[in-house]
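The residues making up each chain are set out below.
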Amino acid sequence: MGLKAGIVGLPNVGKSTLFSGLTRLKAESANYPFTTIEPNISIVELNDLRLTKLANMVNTKKIVKATFEFVDIAGLVAGASKGEGLGNKFLSNIREVDLIVHVVRCFDNKNILHVSNSVDPKRDFETINLELILADMQTLENVLSRISKKAQNTQDKKLLKEVEIVNKVMKVLKEEKMAWEANLDSEEIKIIKSYQLLTIKPMIIVANISSENIASPENDENFNKIKKVADQKNMTIIPLSVEIESEISFLNEEDKQMFLEEYNLKSSGLDLLTKKSFENLNLATYFTVGEVETRAWVFKKGMFAPECAGIIHNDFEKHFIKAEVISYDDFISCGGEKEARELGKVKLEGKTYQIKDGDICNFKIGK
């Protein structure tokens, strides 16, 4: 199970540079709109210190990290929902991702053009969101024209419920809010997700701050403008300097730490972005540990042991018998699997056990 995150924003806000930092690849970028037309896609490894620590404990020969995709989607502009600036193509690319990373420009630089000729993160954020909202309204209008008349004529309870849910979301969209702000229950979300709405997807805001202000973003006027919006909507916002992050992503670990210290930064903003991306999609990792291979497996929180076994191989879910589980903390504190067994820290779990983040699992499979 993976993650596919799409990086969006107005042209020239730092999307492709952020992508370069995340993937350690130089995505095409230039000082004019629509340099990126086809989306750049790359597999990114999730840096998890727990995995490294486990691998070192057992002297494993091979480490396999959790991975996910980042997609660099070309810059949107006002009118994208009507096809402006190749808008239809870009919006279709967004439909294919699970999470939206919205890059907002908070830095002033006369050498880098802005499509509106001024820096205003709140305005830019709302411009992009409005295009997503308008596209979703068009989608739901098409749904209503297809089902509303039939629902009224047949009094089909299922169709009537669907119409009710669509109208509920439409009301929120008309208020220029996102579909996820409609306070839908799990059943309603299941129905709405079938329409592939853009504004139902979780969104993280990346505030691209100048290198001079990144150590104290709270003193940056532009950052505070967009943070206020994020706080009002209860959204995750990550301040980072895309320029710095792109530079340090190509350094070794020792040089990277020196670079961060130079800017009074405790850690890389990109590491925080990947972590928050996982959290926003309700994803977690469990581990399989051995001398041949130590590996992280991605799963949705709340999944049961047989389902998680099926991530390794489909037959594992079908023929699941039980799972031997050691928590990460117990594995580390005991000094390994052998010691954990001796201390009674290995638990035998059945089909109703929900795997937890950090569990070390050994699945027992029948024939």
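Residues numbered from 1 in each chain as written. Predicted model: local features only at pLDDT ≥ 70, side-chain atom pairs only at ≥ 80, totals over all residues. Heavy atoms only, no water.

Participant: So what exactly am I meant to see when it comes to the overall build of the protein chain here?
Facilitator: The helix and strand inventory of the protein chain stands at 14 helices and twelve strands. Across the 367 residues in the protein chain, those meeting the buried criterion constitute 48%. Intrachain contacts of the protein chain at a sequence separation of at least 6 include 69% that bridge at least 24 residues. As displayed, the protein chain offers around 18,800 Å² of accessible surface, 47% of which is attributable to carbon and sulfur atoms. (Helix = DSSP H or I, 4+ residues; strand = E, 2+ residues; numbered from the N terminus. Buried < 20%, exposed > 50% of the residue type's maximum accessible area, 1.4 Å probe, protein only. Contact = heavy atoms within 4.5 Å. Areas by Shrake-Rupley, 256 points an atom, 1.4 Å probe, with all protein chains shown as cover.)

Participant: What is the right way to look at the packing of helix 1 (residues 15-23) against helix 10 (residues 269-280) in this model?
Facilitator: Helix-helix packing is described using two parameters, namely the angle between the two axes and the distance between the axes. One way to put it is that helix 1 packs onto helix 10 with a least axis distance of 10 Å and a crossing angle of 85°. In this view, helix 1 runs roughly perpendicular relative to helix 10, as classed from their interaxial angle. Facing helix 1, whose interface residues are Leu18, Gly21 and Leu22, helix 10 presents Leu270, Leu273 and Thr274. When the residues that make up the contact of helix 1 with helix 10 are grouped by side-chain class, the tally is four nonpolar, two polar and no charged. (Axes fitted to C-alpha atoms, helices over the stretch in contact; angles between N-to-C directions. Parallel < 35°, antiparallel > 145°, perpendicular 65-115°, else oblique. Nonpolar A, V, L, I, M, F, W, Y, C, P; charged D, E, K, R; others polar.)

Participant: Looking at this structure, how should I read the pattern of salt bridges?
Facilitator: Charged atoms that come close allow side chains of opposite charge to pair. A full pass over the atoms with the stated rule returns 19 salt bridges. Two residues, Lys122 and Glu126, come together in a salt bridge whose shortest N-O distance is 2.7 Å. Taken together, the residues span about one helical turn, with Lys122 and Glu126 both in helix 4 (residues 121-154) at a distance of four residues. Residue Lys122 is classed as partly exposed on the basis of its relative accessible area, which comes to 36%. Residue Glu126 is classed as partly exposed on the basis of its relative accessible area of 40%. Measuring nitrogen to oxygen at the nearest pair gives 3.7 Å for the salt bridge that ties Glu175 to Lys177. A relative accessible area of 41% places Glu175 in the partly exposed class. Among the charged side chains, a network of salt bridges with common partners joins Asp48, Arg50 and Asp357. (Salt bridge = Lys/Arg side-chain N within 4 Å of Asp/Glu carboxyl O.)

Participant: Is there a simple way to explain the nonpolar core in this structure?
Facilitator: The tendency in soluble globular proteins is for nonpolar side chains to be buried side by side. Counting residues in each nonpolar core, the largest one holds 91 residues, and the members touching the most others are Leu18, Phe70, Ile94, Val101, Leu132, Val169 and Ile226. It is helix 4 that contributes the most residues to this core, eleven residues altogether. Those residues in contact with Leu18, other than ones at most four positions away along the chain, are Ile7, Val101, Val103, Leu240, Val242, Leu270 and Leu273. One finds Trp297, Met303, Ala309 and Tyr353 within the second-largest nonpolar core, a separate group that totals 15 residues. (Core = buried A, V, L, I, M, F, W, Y, C linked by side-chain atoms within 4.5 Å.)

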